[in-house]
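Take a look at the letters that make up each chain.
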Amino acid sequence: MERTTLEVIAPSVEEAVARGAEQLGVAKELLDVEILDEGAKGFLGFGSRDVRVRLALRETDAPQTTPTLEKPQTAPVASASLPQAGDDLLRFAEQNVKELLLRMKVTAQVQAAYGETEPGGETPVLINIHGEDLSVLIGRRAETLNALQYIIALIISKEAGHWVQVLVDVEGY
(Lines give C-alpha, C1' and ligand atoms only; values in the text may rest on other atoms or scores of the structure.)
Protein backbone atom coordinates (compact mmCIF):
# COMPACT_ATOMS: atom_id res chain seq x y z
CA MET A 1 0.00 0.00 0.00
CA GLU A 2 1.35 3.44 -0.91
CA ARG A 3 1.77 5.99 1.84
CA THR A 4 0.48 9.49 1.34
CA THR A 5 3.34 11.94 1.84
CA LEU A 6 3.69 15.70 1.66
CA GLU A 7 6.70 18.00 1.90
CA VAL A 8 6.08 21.29 3.68
CA ILE A 9 8.29 24.35 4.15
CA ALA A 10 7.60 26.71 7.04
CA PRO A 11 9.43 28.87 9.59
CA SER A 12 9.14 26.16 12.28
CA VAL A 13 8.51 22.42 12.53
CA GLU A 14 5.26 23.01 14.43
CA GLU A 15 3.95 25.33 11.73
CA ALA A 16 4.99 22.92 8.97
CA VAL A 17 3.15 20.06 10.68
CA ALA A 18 0.05 22.23 11.18
CA ARG A 19 0.04 23.32 7.52
CA GLY A 20 0.54 19.75 6.32
CA ALA A 21 -2.21 18.38 8.54
CA GLU A 22 -4.55 21.06 7.19
CA GLN A 23 -3.64 20.27 3.57
CA LEU A 24 -4.09 16.54 4.09
CA GLY A 25 -7.27 17.03 6.13
CA VAL A 26 -6.13 14.92 9.09
CA ALA A 27 -5.17 15.48 12.72
CA LYS A 28 -1.50 16.17 13.52
CA GLU A 29 -1.40 13.01 15.62
CA LEU A 30 -1.98 10.86 12.52
CA LEU A 31 1.22 12.06 10.83
CA ASP A 32 4.78 10.77 10.90
CA VAL A 33 7.22 13.68 10.69
CA GLU A 34 10.63 13.46 9.00
CA ILE A 35 12.75 16.60 9.23
CA LEU A 36 14.54 17.04 5.89
CA ASP A 37 16.11 20.44 6.66
CA GLU A 38 16.23 21.99 10.12
CA GLY A 39 16.56 25.44 8.59
CA ALA A 40 18.86 28.18 9.78
CA LYS A 41 18.44 31.55 11.41
CA GLY A 42 21.23 33.07 9.36
CA PHE A 43 23.26 36.09 10.31
CA LEU A 44 21.51 39.45 10.45
CA GLY A 45 18.72 37.97 8.35
CA PHE A 46 21.05 36.79 5.58
CA GLY A 47 21.31 33.11 4.80
CA SER A 48 18.22 32.16 6.79
CA ARG A 49 16.26 29.08 5.67
CA ASP A 50 12.88 27.73 6.60
CA VAL A 51 12.38 24.25 8.01
CA ARG A 52 11.51 21.52 5.48
CA VAL A 53 9.66 18.41 6.64
CA ARG A 54 8.14 15.35 4.99
CA LEU A 55 4.82 14.28 6.48
CA ALA A 56 3.36 10.82 5.98
CA LEU A 57 0.09 9.33 7.12
CA ARG A 58 0.69 6.60 9.68
CA GLU A 59 0.03 3.16 8.25
CA THR A 60 -1.69 1.89 11.40
CA ASP A 61 -4.38 4.55 11.08
CA ALA A 62 -4.90 4.14 7.32
CA PRO A 63 -8.39 2.51 7.55
CA GLN A 64 -9.60 5.36 9.78
CA THR A 65 -8.23 8.06 7.48
CA THR A 66 -9.74 6.69 4.26
CA PRO A 67 -12.71 9.12 4.33
CA THR A 68 -10.38 12.10 4.78
CA LEU A 69 -8.21 10.96 1.90
CA GLU A 70 -11.17 11.39 -0.44
CA LYS A 71 -11.11 15.17 0.08
CA PRO A 72 -7.81 15.79 -1.73
CA GLN A 73 -8.93 13.51 -4.58
CA THR A 74 -11.95 15.74 -5.21
CA ALA A 75 -9.80 18.87 -5.37
CA PRO A 76 -8.45 18.22 -8.90
CA VAL A 77 -12.00 17.58 -10.15
CA ALA A 78 -13.23 20.82 -8.58
CA SER A 79 -10.31 22.70 -10.10
CA ALA A 80 -10.89 21.55 -13.67
CA SER A 81 -9.78 25.03 -14.70
CA LEU A 82 -6.28 24.29 -13.39
CA PRO A 83 -4.62 24.36 -16.84
CA GLN A 84 -5.99 27.86 -17.50
CA ALA A 85 -4.87 29.17 -14.13
CA GLY A 86 -1.81 26.98 -14.40
CA ASP A 87 -0.79 28.54 -17.69
CA ASP A 88 -0.13 31.71 -15.72
CA LEU A 89 1.92 29.66 -13.26
CA LEU A 90 3.90 28.07 -16.11
CA ARG A 91 4.55 31.47 -17.69
CA PHE A 92 5.60 32.81 -14.28
CA ALA A 93 7.95 29.83 -13.78
CA GLU A 94 9.45 30.16 -17.25
CA GLN A 95 9.94 33.93 -16.90
CA ASN A 96 11.59 33.65 -13.49
CA VAL A 97 13.93 30.84 -14.54
CA LYS A 98 14.96 32.86 -17.61
CA GLU A 99 15.64 35.90 -15.42
CA LEU A 100 17.60 33.79 -12.94
CA LEU A 101 19.73 32.33 -15.75
CA LEU A 102 20.25 35.80 -17.22
CA ARG A 103 21.54 37.05 -13.87
CA MET A 104 23.83 34.01 -13.73
CA LYS A 105 25.06 34.94 -17.23
CA VAL A 106 23.96 31.58 -18.63
CA THR A 107 22.50 31.44 -22.13
CA ALA A 108 19.82 28.78 -22.45
CA GLN A 109 16.28 28.07 -23.61
CA VAL A 110 13.67 27.39 -20.92
CA GLN A 111 10.41 25.47 -21.25
CA ALA A 112 7.89 24.84 -18.48
CA ALA A 113 5.20 22.18 -18.52
CA TYR A 114 3.14 20.11 -16.11
CA GLY A 115 4.27 16.60 -15.26
CA GLU A 116 2.09 13.58 -14.62
CA THR A 117 -0.27 13.92 -11.67
CA GLU A 118 1.01 11.96 -8.69
CA PRO A 119 -1.23 9.60 -6.67
CA GLY A 120 -1.63 12.29 -3.99
CA GLY A 121 -3.24 14.57 -6.57
CA GLU A 122 -0.26 16.91 -6.92
CA THR A 123 0.93 17.91 -10.38
CA PRO A 124 4.64 18.83 -10.54
CA VAL A 125 5.99 21.63 -12.71
CA LEU A 126 8.74 20.45 -15.07
CA ILE A 127 11.37 22.99 -16.13
CA ASN A 128 13.48 21.95 -19.14
CA ILE A 129 16.67 23.94 -19.74
CA HIS A 130 18.50 23.48 -23.06
CA GLY A 131 21.70 25.08 -24.28
CA GLU A 132 25.39 24.59 -24.80
CA ASP A 133 27.83 23.85 -21.99
CA LEU A 134 25.37 23.98 -19.09
CA SER A 135 27.66 22.06 -16.77
CA VAL A 136 27.81 25.15 -14.57
CA LEU A 137 24.10 24.59 -13.81
CA ILE A 138 24.63 20.95 -12.87
CA GLY A 139 27.68 21.42 -10.68
CA ARG A 140 29.66 18.84 -8.78
CA ARG A 141 27.50 15.87 -7.79
CA ALA A 142 24.47 17.85 -9.05
CA GLU A 143 24.69 20.15 -6.01
CA THR A 144 24.13 23.28 -8.09
CA LEU A 145 21.20 21.67 -9.91
CA ASN A 146 19.58 20.65 -6.61
CA ALA A 147 20.03 24.16 -5.20
CA LEU A 148 18.63 25.72 -8.38
CA GLN A 149 15.64 23.37 -8.27
CA TYR A 150 14.98 24.25 -4.62
CA ILE A 151 15.21 28.01 -5.24
CA ILE A 152 12.88 27.79 -8.23
CA ALA A 153 10.41 25.71 -6.19
CA LEU A 154 10.43 28.36 -3.45
CA ILE A 155 9.77 31.17 -5.95
CA ILE A 156 6.96 29.30 -7.71
CA SER A 157 5.41 28.08 -4.45
CA LYS A 158 5.31 31.60 -3.07
CA GLU A 159 3.48 32.79 -6.20
CA ALA A 160 1.06 29.83 -6.10
CA GLY A 161 0.36 30.19 -2.38
CA HIS A 162 1.10 26.52 -1.68
CA TRP A 163 4.01 24.12 -2.12
CA VAL A 164 4.57 23.18 -5.75
CA GLN A 165 6.85 20.29 -6.63
CA VAL A 166 9.36 21.48 -9.26
CA LEU A 167 11.64 19.23 -11.29
CA VAL A 168 14.46 20.92 -13.23
CA ASP A 169 15.99 19.06 -16.16
CA VAL A 170 19.25 20.45 -17.56
CA GLU A 171 20.00 18.78 -20.87
CA GLY A 172 18.55 15.46 -19.68
CA TYR A 173 20.52 15.40 -16.42
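Residues numbered from 1 in each chain as written. Predicted model: local features only at pLDDT ≥ 70, side-chain atom pairs only at ≥ 80, totals over all residues. Heavy atoms only, no water.

Asks: Outline the overall build of the protein, listing residues and values.
Replies: The helix and strand inventory of the protein stands at five helices and six strands. The proportion of buried residues among the 173 residues of the protein is 29%. A separation of at least 24 residues holds for 53% of the contacts in the protein among residues at least 6 apart in sequence. For the protein, the computed accessible surface area is about 11,200 Å², with 52% contributed by carbon and sulfur atoms. (Helix = DSSP H or I, 4+ residues; strand = E, 2+ residues; numbered from the N terminus. Buried < 20%, exposed > 50% of the residue type's maximum accessible area, 1.4 Å probe, protein only. Contact = heavy atoms within 4.5 Å. Areas by Shrake-Rupley, 256 points an atom, 1.4 Å probe, with all protein chains shown as cover.)

Asks: Any details on the nonpolar core? Residues and values, ideally.
Replies: Formed by 26 residues in total, the largest nonpolar core has its most connected members in I127, I129, L137, V166, V168 and V170. Listed by contribution, the elements that provide at least two residues to this core are α3 (82-103), β4 (109-114), β5 (125-130), α4 (135-138), α5 (143-160) and β6 (166-170). Ignoring anything within four residues of it in the chain, the contact list for V166 reads V125, I127, Q149, I152, A153 and I156. Among the nonpolar cores identified, the runner-up in size contains 13 residues, and A21, V26, V51 and L55 belong to it. (Core = buried A, V, L, I, M, F, W, Y, C linked by side-chain atoms within 4.5 Å.)

Asks: Before we move on, could you go through the environment of I127 and cite the residues and values that matter?
Replies: Here I127 shows up in strand β5. For the pair I127 and E94, spaced 33 residues apart in sequence, the C-alpha separation works out to 7.5 Å. Every residue in contact with I127, bar those within four places of it in the chain, is listed here: A93, V97, V110, Q111, A112, V166, L167, V168 and D169.

Asks: Outline the pattern of salt bridges, supporting the account with residue identities and numerical values.
Replies: According to the stated counting rule, one finds eight salt bridges in the structure shown. A salt bridge links R54 to E7; the shortest N-O distance between them is 3.0 Å. One end of the pair, R54, is in strand β3 (residues 51-57); the other, E7, is in strand β1 (residues 5-10), with 47 residues separating them in the sequence. When the shortest N-O distance is used, the salt bridge between R19 and E15 registers 2.5 Å. With R19 and E15 both in helix α1 (residues 13-24), this residue pair falls four residues apart, about one helical turn. A residue is classified by how much of its surface remains accessible, and R19, at 36% relative accessible area, is partly exposed. Each of E7, E34, R52 and R54 takes part in a single network of salt bridges with overlapping partners. (Salt bridge = Lys/Arg side-chain N within 4 Å of Asp/Glu carboxyl O.)

Asks: Describe the environment of V13, listing the residues and the values that go with them.
Replies: Residue position: V13 is located in helix α1. Taking the C-alpha atoms as reference points, V13 and G39, 26 residues apart in sequence, are found 9.5 Å from one another. Excluding residues that lie within four positions of it along the chain, V13 makes contacts with I35, V51 and V53.

Asks: I'd love a proper account of the sheet that holds β3, names of residues and values included.
Replies: On the basis of which strands lie adjacent, the open sheet formed by three strands has the order β1-β3-β2 and antiparallel pairing. Because the sheet does not close on itself, it has two edges, and the strands there are β1 and β2 (31-37). Each adjacent strand pair in this sheet contributes to an overall mean axis angle of 25 degrees, direction not counted. Where β1 lies against β3, six bridges are found, and the strand directions are antiparallel. Opposite E7, over in β3, you have R54 as the bridge partner. (Pairing = 2+ DSSP bridges. Axes fitted to C-alpha atoms, helices over the stretch in contact; angles between N-to-C directions.)

Asks: Which residues make up unusual backbone geometry, and what values do they have?
Replies: Not every positive phi belongs to a glycine, and R141 is a case in point at roughly 55 degrees. For R141, the position within the fold is in the loop between α4 and α5. On the basis of relative accessible area, R141 is assigned to the exposed category, the value being 68%. For E171, which is not glycine, the phi torsion reads 50 degrees and is therefore positive.

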